[in-house]
Every structure is written in C-alpha cells, then in structure tokens.
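Per-entry structural report
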Amino acid sequence: MYLPPSRPPPSHRDFISVTLSFGEGYDNSKSRRRRSCWRKWKQLSRMQRNVIFFLFFFLVICGLLFYINSATHWKALSVRSSEEQKMGSEIPGLKPAHPPVLPALQKADAKPEVLSQKPRKPFRRGPPSLQLKAPDGDRKDRQDRRQMAAGKAGDPEAAPREADAQTTVISWRGAVIEPEQGTHLPSRRAEASIKHASPETKTENVPASLNMRQKAVVSAFRHAWKGYRKYAWGRDELKPLSKSYNEWFGLGLTLIDALDTMWILGLKQEFEEAKRWVSKKLNFQKNVDVNLFESTIRILGSLLSTYHLSGDSLFLEKAKDLGTRLMPAFRTPSRIPFSDVNIGTGVGHPPRWTSDSTVAEVTSIQLEFRELSRLTGDTEFQEAVQLVTRHVHGLGGKKDGLVPMFISIYSGLFTHPGMFTLGARADSYYEYLLKQWIQGGKQETHLRDDYLEAVEGIKMHLLRESEPSKLTFVGELSHGHFRAKMDHLVCFLPGTLALGVHHGLPAEHMDLAKALMETCHQMNRQMETGLSPEIMYFNIFPLAGRQDMEVRPADRHNLLRPETAESLFYLYRLTGDRKYQEWGWELLQSFNQFTRVPSGGYSSINNVRDPQKPEPRDKMESFFLGETLKYLYLLFTDDKDLLSLDAYVFNTEAHPLPIWTPA
Ligand code: DMJ
C-alpha cells in the first residue's frame, strides 16, 4: 500500500521565508528594526544572500549604462543637428538636412543649366578617341594619377591592405559583430558621417566641356571610384563604410561593370588603369560558380560594349573566353539553362533551393550572346539563346502575354503558375522581347508581337490607379488575386515603353510611359530621403485619410538601383520634356545627400523614410556605376547623338550594344 511521505516539521528556512514576507507586525523602534533586519539578513542562506547581491549589482549596472547611453545620445544628437543645420544652410543647392516630409521640389518649369558645351562630333560606332583632358584633382589625387601614369606606387593592386585586414566591428549598440561577407554593420560614427556627407555638386576635377549636371555625375563617379580603387580594387563590390570589399564571383565585377561608363564619361586615366587590370589580372580560369544571368549582363555585356566603344580587341577576347565558359549552363534536358555554372570546371547546376530557373534570367541573356556570335562568327552562342527564346515563345501557361516567374530545366515548362509580375524574376523578359527585336533590325516579328501582347496583358490585368491621387501603377496577380504592390524594378517599364514608341510601336504606349514615369518619380520624391524604397504598396480604395502609397518596414531599403534614372533618360531623350531632367537632378542630389560615404563610395541604405538615420548597408552595388550614374549622365546631355537610340540598344545592365544593320 502506498503511504504518502509524512510532512516534515517546518524547517528554519521555511520560517524565515515567512518572516521575509512581512509576517511580523509593525514596530516603530529604530534600533529594534535595525536589529531585526540584521537578524533576518543573518538568517538568510548563503544562496539567498547571493541572489540578493546579484540583483542589487545588476540594477546598479543597468542604471549606470542607461545614464551613460542617454548622455552620449543627446550629446551626439545636439552636435549632429547643429552640424547639419550649418551644412544645410551654407551650401548652395543643398537640400535641407532635415527636409520636410515631401522634399521641396525645384520648380518644374525652372530653366535648367544652360549647356556650355562645344558642339560634339557625331558619335560614331567603332573606336572613337577619348576627347577629354585628364581631369585635374587635389594634391593627393594628382599624386595618385602621376603614379598611376608611371605605373607605380599609386597602383591600387598594392593599395587595399587596409581592406584586407578584416577587423571586428562593434555596432553602436555595443554588440560585437564578427566580420562576415556582406554583414558588416557600420559603426555609429560611420553611420552619422554618411548623413553629413555634403552633396557632390562641386564640379572641379572634371572636364570643362560638360554642363554643370554632367560634371556633377562625373564627380559622383570619381568619388565612387575613389573608394573602390582604394579599398576594393579588383574585387567584386566595395563595402565603403568598413573600407573593405565583398566577393561574389571573384571577377572584379564593379571594375568591369564600370568600364564603358568610364569611357562614356571621358575618364581616360581611370579607364586605362582598369584596362590594365583586365589585361593583366582578369582570369576566367577559376573554379567558381557564377550566376549565368548576372555574369552575362554585367560582365559579358560590359566587355562587348567596351569593345565597341574603345575598339580594343582585348575586351572581345575576354568576352569570348567568358562566353565559352558559360556555355555548359545550357547542357540541360530542356536546353533551358541552369541558373549557375562553374566557369572553371564547366559544370552547371540549379540554385540550392530549387531545380527551376528564373524566367527573366533565362530570357535576358540573348542580346549579349547574339552579339558575341556576330562578332566572333561562332554561331553556338546565338543558337543556344535563340533556342530558349523560341521555346518560351511557344510555351503554354501565359496569361495574355504575361509569363510566370519560374521554368523547369527538366520539362522546360513554366512552374509555380498563377503568379504574374513585372518586377523581380520576370521584368527583363519583357524588356528583351522589345530589345532583341530592335537589335536584330526589327526582322524578328514574333518578338515584337509577344511584346505587344504582353503590354496588352499588363493593361488588362496589372494596371490600376491609386487613391486619392490616381497614380498609375503596375501591380501583381497572384492566382487571380490582384496585389497593389510594385517593385522599384518595375520602373524600367516607362523607358522600355517609350523606346518601343520611338521604334514605331503604338503611340499610346507613350501615354502609359509618361503616367508610369510620374508614379516612379513620386515613389522617390514622397520619401523623406527622396529615394524610392525597394517595394511600394498602393492604396486603391477611395477611403478618407488613406495615402496613395505605403512602405512596409521590410521594404524600406534602397540599393542604389538604376530603374528610375534609366526611364528618365529615355523619357527625356524621346520627349524633350525638361521636367525629366529636373527629376533626375533631384535624384542625384538625394543619392549624394543620403548614400555618399565621405571617404569614398556610395552605400545602399536600409531606410528611405528616415533622413536622420538612413542606416547605410555598407555595400555599393556594381550597377550604381554600370547603370545609375551612366543613365544620369546621359539624361543630362542634350546631344542625341551620344549613344543614339537609332544606333545602340542598351542591355538590361545599361551596356550599349550596336543595332544590327542589314548587310
Ligand atoms: C541590374 O542588374 C539590372 O538592371 C537587372 O535587369 C535588374 N537588377 C539590377 C538593377 O536593379
């Protein structure tokens, strides 16, 4: 039979715990109370005393930390705000450091800077000569350039020692962050300094024949290049705050992506130095996995474009080498290429998380591979990509010309059906339908027809107006359900629509282009930093008090993307309406105010809604130099012969390739 254990007699400890809970009556006598407290303390076990000691010290330390933190914080805030006020009020043309919620616009009808340009010679295909004098600079820069010219000490290949030393970073909250690719947090000081960066509207050290706004772009480029050259030379991406770099493919991505921009901007010495790196250091015989799409549009595209601009066969040789190494990606059951390929071993593979490829990726490598075939006479490049185009052209599962986002490399069929977007994973499919048609001299009418059908599909399923301001935007369709969500990536579309009209497609596409351009502009200007978030949600219900646009916390970042600048370039070039130049000028100022890192480089930011704390991400994407600054530069010129849209078609990374003319 089970007998419950008899209850033990009350122990000493039990008794004490009762008295600690104020079991005794109140006694007014001080000495007695002291004695009684002391007796109670002595009666506590060692463990109980330790717990009380620990709690006491913990509270003291918390109090101290709180005091120190708030004192520093307020001090920092007061110093910062006085510095910012000073800068904002003293530098002409600078936006106020604390702009109102809607940054003040320059008047749309304000006369832009008059060009003091000498008439340019018409831009010819083939290798033009670099017309511009070497830009002059401050003493350090001049010294660097002298050394560069002499091919010695200024050589950045010896420079990024500082970058090599990956040190532990301590965040401003005191957390220790171990160095890890792409995850360095900037120190609070660095974070603050990005906000104090004065807009680079100074225009010294740049060629005199340019107008003021072009000079500002050249200046921005040189500032970005300064950081890259010093801390990330020959590496993929600059981490401007930690003065370090990030490797993605290990192929000097930023340097290559920026080659033709340097040529176009007339930065001869920078170009020559980069060319030396390509000649001596760029080596594709590397056991490295690369993304087929990214390496094609950024590296192959730039090498081909730079070959056309400079006429230097070095770039074509490199392009052919890379193109050949990318070809194993097409060895799949369906001939729809793998997303990734190892350019050293020649083995292709899908991404880790799926066996599918992305539709935009497999359909946006055609301009480059086709051009490579035309230049080398080797048809295998063109055949591989044309097979993909033809296959997707005939594929079921589209919705009035709109395509899903994924495609199987085994079956060659679309997967994850029912999702339609003009944003990530589908965007450049539409762009390359039009651009391949243009590149090929408008012979391949099935491409034009697919494009026209897709524009109708967009109008039918994805186009809406926001409330209350009736901004036209392109949403998404998810299994029949409309989502009022638009990626900043979609802002390529106004430019593409305008380009189509220029090449003879329906004039009404221009109305849509203009309406979408206005929306993309508002996506930037309605943000406190003047920079668009990655994703915007629109309000489509006429409810009182709701605004047109809403940004979700996870989407507040800006990666220095080019799409707004890209479309502004096309819209200005093709309509001549100067308001597009004004909008681009505002954009450049915002980049300068909120993303420029004083020591060199620009950084993507985490929060476009907080001009006080935009939270730099410590990363400069290669497309900032390859695309964003190039399009801004081209936007600010009135010379329609500079990369004429009748002679060139820009790939999706802004690398101009020639339009083929019938033999
Ligand atoms: C670039 O690499 C290309 O423009 C691509 O088509 C989309 N993503 C980036 C820029 O945002």
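Our structure's up above, just so we're on the same page.
These lines cover the structure that appears in this document, whether it is placed above or below. (Residues numbered from 1 in each chain as written. Predicted model: local features only at pLDDT ≥ 70, side-chain atom pairs only at ≥ 80, totals over all residues. Heavy atoms only, no water.)

1. Notes on helix α18 (residues 493-502)
Within an α-helix, residues lying three or four positions from one another point in the same direction, as the helix has 3.6 residues per turn. Our working rule: We call a residue buried when its accessible area falls under 20% of the maximum for its residue type, exposed when it is over 50%, and partly exposed in between, using a 1.4 Å probe and counting protein chains only. A run of H or I in DSSP becomes a helix once it reaches four residues, and a run of E becomes a strand once it reaches two; helices and strands are each numbered from the N terminus. Here a residue-residue contact requires only that any non-hydrogen atoms of the pair lie within 4.5 Å.
The element α18 is extensively covered by neighbouring structure, given that nine of its 10 residues are classed as buried. Residues of α18 that are buried include every one of L493, P494, G495, T496, L497, A498, L499, G500 and V501, and no others. The elements touched by buried residues of α18 are α16 (427-439), α17 (445-462), β13 (472-474), α19 (508-525) and α20 (563-575). Directly after α18, the chain includes G504, whose backbone phi takes a positive value near 100°.

2. Digging into the packing of aromatic side chains
Basically, it comes down to this: In summary, the pairing rule links any two rings of Phe, Tyr or Trp, Trp by its six-membered ring, whose centres are within 6.5 Å, and it sorts them by plane angle into stacked for under 30 degrees, edge-to-face for over 60 and tilted for everything else. For a lysine, the NZ atom is tested; for an arginine, the CZ atom; a charge sits over a ring if that atom is within 6 Å of the ring centre and within 35 degrees of the ring normal.
Taken as a whole and assessed by the stated rule, the structure comprises 22 aromatic pairs. Relative to F271, the ring of W263 lies with its centre 5.1 Å away and its plane at 75°, an arrangement referred to as edge-to-face. Given a relative accessible area of 10%, W263 falls into the buried group. Ring centres of W585 and F636 lie 5.9 Å apart, and the angle between their planes is 80°; this geometry places the pair in the edge-to-face category. Here W585, found in helix α21 (residues 579-594), pairs with F636, found in the loop between α22 (622-635) and β19 (648-650); they are 51 residues apart in sequence, far enough to count as distant. With a relative accessible area of 5%, W585 lands in the buried category. A residue is classified by how much of its surface remains accessible, and F636, at 2% relative accessible area, is buried. One cation-aromatic arrangement involves R235 over Y245; the distance from NZ or CZ to the ring centre is 4.2 Å. When the ring centre of Y537 is taken as reference, the NZ or CZ atom of R552 above it lies at 3.6 Å.

3. Considerations on the pattern of salt bridges
Put simply, the rule is: The salt bridge criterion pairs a side-chain nitrogen of Lys or Arg with a carboxyl oxygen of Asp or Glu, the two atoms within 4 Å.
On inspection of all chains with the given rule, the structure shows 25 salt bridges. A salt bridge links E273 to R229, with the shortest nitrogen-to-oxygen separation between them at 2.9 Å. With E273 in helix α10 (residues 268-280) and R229 in helix α7 (residues 212-231), this residue pair connects regions lying 44 residues apart in the sequence. E273 gets classed as buried once you look at its relative accessible area, which sits at 4%. Put simply, D638 and R578 hold a salt bridge, and the shortest N to O gap is 3.0 Å. A residue pair is termed long-range when its members are at least 10 positions apart, and D638 in the loop between α22 and β19 and R578 in the loop between α20 and α21 qualify at 60 residues. Judged by relative accessible area, which is 30%, D638 ranks as partly exposed. Overall, the relative accessible area of 34% leaves R578 in the partly exposed class. The network of salt bridges with common partners includes E476, R483, K485 and D487.

4. Focus on the environment of Q443
Cut-off, in case you're wondering: By the criterion applied in these results, polar contacts are pairs of N or O atoms within 3.5 Å in which, for protein atoms, one can donate a hydrogen and the other can accept it, and in which residues neighboring in sequence qualify only through two side-chain atoms.
Along the chain, the position of Q443 falls in the loop between α16 and α17. Accessibility expressed as a relative area gives 59% for Q443, which makes it exposed. Taking C-alpha positions, Q443 is 9.7 Å from P662, a pair spaced 219 residues apart along the chain. Here G441 takes part through its backbone oxygen, which lies 2.9 Å from a polar atom of the side chain of Q443.

5. Some thoughts on the sheet that holds strand β6 (residues 340-342)
Keep this limit in mind: Here, any two strands with at least 2 DSSP bridges between them count as paired. Comment: axis = line fitted to C-alpha atoms, over the contacting stretch for helices; angle = value between 0 and 180 degrees taken between N-to-C directions.
Pairing is antiparallel across the open sheet formed by three strands, whose spatial order is β5-β6-β7. Edge strands, defined here as strands with exactly one partner in the open sheet, are β5 (289-291) and β7 (348-349). Its contacts with the sheet place helix α11 (residues 292-310) against β5 and β6, and it is angled at close to 70° to β5.

6. Topic: the nonpolar core
Counted only if it meets this: Nonpolar core, defined: a set of buried Ala, Val, Leu, Ile, Met, Phe, Trp, Tyr and Cys residues in which side-chain atoms within 4.5 Å join the residues together.
Core analysis: the biggest nonpolar cluster contains 154 residues, and W225, L255, L259, F369 and L422 have the highest contact counts within it. Here this core takes nine residues from α7, the largest share from any one element.

7. Focus on the packing of helix α14 (residues 366-376) against helix α15 (residues 380-393)
Let me state the cut-off plainly: Angle categories are assigned with fixed cut-offs, so that under 35 degrees is roughly parallel, over 145 is roughly antiparallel, 65 to 115 is roughly perpendicular, and the rest are oblique. Helix crossings fall into two classes, left-handed where the near helix is turned counterclockwise from the far one by less than a right angle and right-handed where it is turned clockwise.
It is the contact of α14 with α15, at a shortest axis distance of 7 Å, that shows an interaxial angle of 150°. The angle between the axes of α14 and α15 places the two elements in the roughly antiparallel class. Crossing angle aside, the handedness with which α14 passes α15 is left-handed. Across the interface between the two elements, Q366, F369, R370, L372, S373 and T376 from α14 touch E380, F381, Q382, V385, Q386, V388 and T389 from α15.

8. Re the site of the ligand
Short version of the rule: Nearness is defined per residue: one heavy atom within 4 Å of the molecule or strand is enough. All accessibility values rest on the Shrake-Rupley procedure with a 1.4 Å probe; residue burial counts only the protein chains present in the view. Each cavity reported here is a set of points on a 1 Å grid over the protein atoms alone in which a 1.4 Å probe fits but cannot get out, each pocket an open set with protein on both sides within 12 Å along at least five of seven lines, and each lining residue one with an atom within 4 Å of a point. Here the criterion for a molecule occupying a pocket or cavity is that more than half of its atoms lie within 2 Å of the pocket grid points. Side-chain classes are defined by residue name, with Ala, Val, Leu, Ile, Met, Phe, Trp, Tyr, Cys and Pro counting as nonpolar, Asp, Glu, Lys and Arg as charged, and the others, Gly among them, as polar.
In the vicinity of the ligand, the residues found are I297, R298, L489, R561, P562, E563, F623, E627, T652 and E653. The side chain of E563 places a nitrogen or oxygen atom 2.7 Å from an oxygen atom of the ligand. In the model, an oxygen atom of the ligand is placed 2.8 Å from a nitrogen or oxygen of the E627 side chain. When the ligand is considered free in solution it has 290 Å² of accessible area, and contact with the protein chains removes 92% of it. Spatially, the ligand is embedded in the largest pocket. Of all the elements in the fold, those that place two or more residues in the shell around the ligand are α11 and α22. Taken together, the residues of the shell around the ligand sort by class into four nonpolar, one polar and five charged.

9. Concerning the packing of α20 against α22
Between α20 and α22, whose axes approach to 8 Å, the crossing angle comes to 20°. The angle between the axes of α20 and α22 places the two elements in the roughly parallel class. Every pair of crossing elements has a handedness; the one defined by α20 and α22 is left-handed. Contacts between α20 and α22 pair A565, E566, L568, F569, Y570, Y572 and R573 from the former with E627, T628, Y631, L632, L634 and L635 from the latter.

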